[in-house]
Structure formats: C-alpha cells, structure tokens
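Spelled out from the first residue to the last, the chains are:
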Amino acid sequence: MTGQPEFRRVYFRRIEITIGGIMINEQLTEIYRLLFDGFGPQHWWPGETQFEIIIGAILTQNTSWANVEKAIANLKSAGRLNPQGLYALDHSQLAELIRPAGYFNIKAKRLKSFLDWLFENYDGQLRNLEGVETYQLRAELLSVKGIGPETADSILLYAFDRPVFVVDAYTARIAVRHQLVEPDAGYEQLQDLFQSNLRQDVQLFNEYHALLVRLGKDFCKPKPKCPACPLQHLPHALYAEDY
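Remember, it's a predicted structure, so these values are computed and weren't measured experimentally. (Residues numbered from 1 in each chain as written. Predicted model: local features only at pLDDT ≥ 70, side-chain atom pairs only at ≥ 80, totals over all residues. Heavy atoms only, no water.)

Points about the overall build of the protein
Convention followed: The helix count covers DSSP runs of H or I at least four residues long, the strand count covers runs of E at least two residues long, and both are numbered beginning at the N terminus. Note on exposure labels: buried denotes an accessible area under 20% of the residue type's maximum, exposed denotes more than 50%, and partly exposed covers the range between, all computed with a 1.4 Å probe on protein chains only. Contacts are assigned to residue pairs that have any heavy atoms within 4.5 Å of one another. Computed with the Shrake-Rupley method and a 1.4 Å probe, the accessible areas treat only the protein chains shown as cover for residues.
Of the regular secondary structure elements, the protein holds 11 helices and two strands. Sequence-ordered secondary structure for the protein, helices as α and strands as β, is β-β-α-α-α-α-α-α-α-α-α-α-α. Every one of the 243 residues in the protein was classed for burial, and the buried ones make up 47%. Across the protein, contacts joining residues at least 24 apart in sequence account for 63% of those joining residues at least 6 apart. Surface summary for the protein: the accessible area is close to 11800 Å², and the carbon and sulfur share equals 51%.

Here's what the structure looks like:
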C-alpha cells in the first residue's frame with residue numbers, strides 16, 4: 001500500500017455545474033492535470049501495513065509528519081506496532097512511546113479509544129472490517145472519541161481503499177481561492193464538490209488529495225506564493241487576509 005502507479009489515465013464524470021461559464025468538472029480536471037504534471041506522483045500515504053496507516057492518521061492530528069514518523073519508529077522499535085501490541089500497553093506506556101507526535105496524552109487516549117472499539121466490535125482484527133459497508137464503517141469510526149471526519153476519511157481511503165475524498169485545511173484554502181466553493185463551506189460541502197464531480201476511484205482520490213496537500217504546503221500557504229504556483233494561470237481570487 002506504500003507505492004502508487006507511476007501514471008494512470010484518469011476519467012472524470014461530466015456534471016453540468018458551471019462556475020464563470022466553465023464546468024466545474026473541467027476545472028477539477030485541469031487542476032489535477034497541472035498538479036500531476038508539476039509535482040508527479042506523491043506516493044502517499046506512507047506506511048507498510050494497514051495498521052501503521054491508521055495509527056499515522058490518528059497521530060498526525062495537529063503535528064508535522066516528521067514528528068509522526070518518530071513516534072511510529074518508537075512503536076516499531078518496541079515491537080508494538082500491531083493491534084495486540086498496542087492494546088496491551090497501559091496509557092502511560094503508550095503516551096511515552098508516542099511522545100514525539102505531540103499532545104501525547106491526548107493522542108494516547110484517542111488510540112486507546114480506537115483500539116477499544118476494534119477489540120470490542122471486531123475482535124481486534126482489521127480483516128473483520130473489510131466486509132463492512134463504507135457508510136457504516138465511516139459512521140462507526142466517527143463514533144470513536146477523537147476521530148473526526150478528516151481522520152476517518154483518511155483511514156477509509158488510505159488504509160481500506162474506499163473511494164472517499166479526504167478534505168483538510170489545504171483543500172479548503174485552495175478550493176476557496178479558486179472559487180470552487182464559498183469561504184464558509186463546511187467539510188461535507190467540500191467533500192461533495194470532489195466526490196460529485198470525479199469518478200469514484202480510489203487511486204484518483206488518493207493522488208488528488210496528496211497533490212492538494214503538496215500545493216498547500218509549498219505554494220498555497222496562508223501567505224500564498226502565486227507567481228511560482230502550478231495553478232497560477234487559472235482564475236483565482238485572494239482576500240485581504242491573504243496579503
């Protein structure tokens with residue numbers, strides 16, 4: 001699950017929604033093309049196993065991926081990066097191992113909540129989740145304390161290969177600046193923007209989200225770097241707080 005195809009032909013659904021005379025489907029297609037041409041495949045999400053991806057998705061909340069990697073390295077070194085190994089740890093032991101990820105006491109509670117759910121409902125076996133319908137699995141993940149929409153959708157897309165588009169702060173910022181949504185659009189509206197206008201394809205959703213993250217980190221920052229941005233020639237708008 002760590003590698004991505006070097007290139008894939010992407011097919012988009014054609015939906016009659018227009019912004020400034022341009023169909024939103026065409027705009028999303030052009031954005032993807034420019035980002036893929038500019039950045040290439042992102043090989044995201046890094047992780048050797050389903051469980052590692054899930055743990056990473058929970059640990060990455062409010063911290064950098066570099067810090068998450070240190071925490072995951074600790075878990076690997078301790079031989080605990082598996083459901084049974086983490087479930088057997090008490091709170092203080094787990095918190096110490098994931099300390100590099102920041103907010104380690106809070107995140108230890110969140111990991112414990114996830115593990116309690118997994119063991120109480122699915123015997124601690126990730127394979128038992130494979131037959132659960134996506135909408136049901138999403139609802140159950142959201143019921144776990146500390147798992148919000150972005151984390152749940154990251155788990156669904158990257159760990160379980162479900163066609164669910166992940167939305168984050170980068171996605172929102174880019175979509176607003178490119179006038180795809182209103183500034184007050186919520187998570188579900190942003191998610192629907194992509195899911196209603198793109199083919200329901202796991203690899204497409206995977207790559208598209210990863211490319212948006214790359215764009216948000218390198219160019220579409222709170223203080224944007226428009227002149228060098230791969231999307232600089234597309235219509236976009238900045239607001240007073242962007243300067």
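Here's the deal with the packing of helix H2 (residues 50–59) against helix H3 (residues 65–77)
So the rule is basically this: Under this scheme, a helix contributes an axis fitted over its contacting stretch, all axes are lines through C-alpha atoms, and angles between N-to-C directions fall in the 0 to 180 degree range. When describing relative orientation, an angle under 35 degrees is termed roughly parallel and one over 145 degrees roughly antiparallel, while 65 to 115 degrees is termed roughly perpendicular and anything else oblique. Crossing chirality is assigned from the near helix's rotation relative to the far helix, an anticlockwise turn below a right angle marking it left-handed and a clockwise turn marking it right-handed. Think of it as three bins: nonpolar holds Ala, Val, Leu, Ile, Met, Phe, Trp, Tyr, Cys and Pro, charged holds Asp, Glu, Lys and Arg, and polar takes everything else, Gly as well.
Closest axis-to-axis distance for the H2/H3 pair is 10 Å, and the angle between their directions is 135 degrees. Here H2 lies oblique to H3, going by the angle between them. As for how H2 packs across H3, the hand of that crossing is right-handed. In this structure, H2 uses Glu52, Ile55, Gly56 and Leu59 to contact H3, whose residues at the interface are Trp65, Val68, Ala71, Ile72, Leu75 and Lys76. Here the residues of the contact of H2 with H3 are counted per class, giving seven nonpolar, one polar and two charged.

Side note on the nonpolar core
Within soluble globular proteins, side chains that are nonpolar generally end up buried alongside one another. As a reminder, the rule being used: Buried residues of nine kinds, namely Ala, Val, Leu, Ile, Met, Phe, Trp, Tyr and Cys, make up a nonpolar core once their side-chain atoms join them within 4.5 Å.
In terms of nonpolar packing, the biggest core is built from 78 residues, with Leu59, Phe114, Trp117, Leu141, Tyr208 and Leu215 touching the most fellow members. Sequence-distant contacts of Leu215, defined by excluding residues within four places in its chain, comprise Leu35, Phe39, Ile174, Cys220, Cys229, Pro230 and Leu231.

Examining the confidence of the model for the protein
Rule in force here: Per-residue confidence from the prediction method is given by pLDDT, with values spanning 0 to 100.
Of all residues in the protein, 89% have pLDDT values of 70 or greater, and the mean over the chain is 90. Here residues 1–21 is a poorly scored stretch, pLDDT under 50, and it has 61 contacts once near neighbours within four places are set aside; other chains count.

As for helix H9 (residues 169–177)
Helical periodicity: at 3.6 residues per turn, an α-helix aligns residues three or four positions apart in one direction. Where H9 is concerned, the buried positions are Thr171, Ile174, Ala175, Val176 and Arg177. Its buried side turned inward, H9 meets helix H10 (187–195) and helix H11 (202–218). Downstream of H9 by a residue or two, Gln179 has a phi angle that is positive, lying close to 60 degrees.

Some points on H2
The buried fraction of H2 is high, at nine of 10 residues. Those residues of H2 not exposed but buried are Phe51, Glu52, Ile53, Ile54, Ile55, Gly56, Ala57, Ile58 and Leu59.

Topic: the environment of Leu115
If you trace the backbone, Leu115 turns up in helix H6 (residues 104–122). Its relative accessible area of 0% is what places Leu115 among the buried residues. Sequence separation between Leu115 and Tyr87 is 28 residues, and the spatial gap between their C-alpha atoms is 6.2 Å. In contact with Leu115, not counting residues within four places along its chain, are Phe51, Pro83, Leu86 and Tyr87.

Topic: unusual backbone geometry
Along the chain, Trp44 connects to Trp45 via a cis peptide bond; the corresponding omega equals 25 degrees. As for its placement among the helices and strands, Trp45 is situated in the loop between helix H1 (24–39) and H2. Here the phi dihedral of Asn62 falls at roughly 60 degrees; this positive angle occurs in a residue that is not glycine. Following the sequence through the fold, Asn62 ends up in the loop between H2 and H3. The phi dihedral of Gln179 falls on the positive side, at around 60 degrees, and the residue is not glycine. When you line up the elements, Gln179 lands in the loop between H9 and H10.

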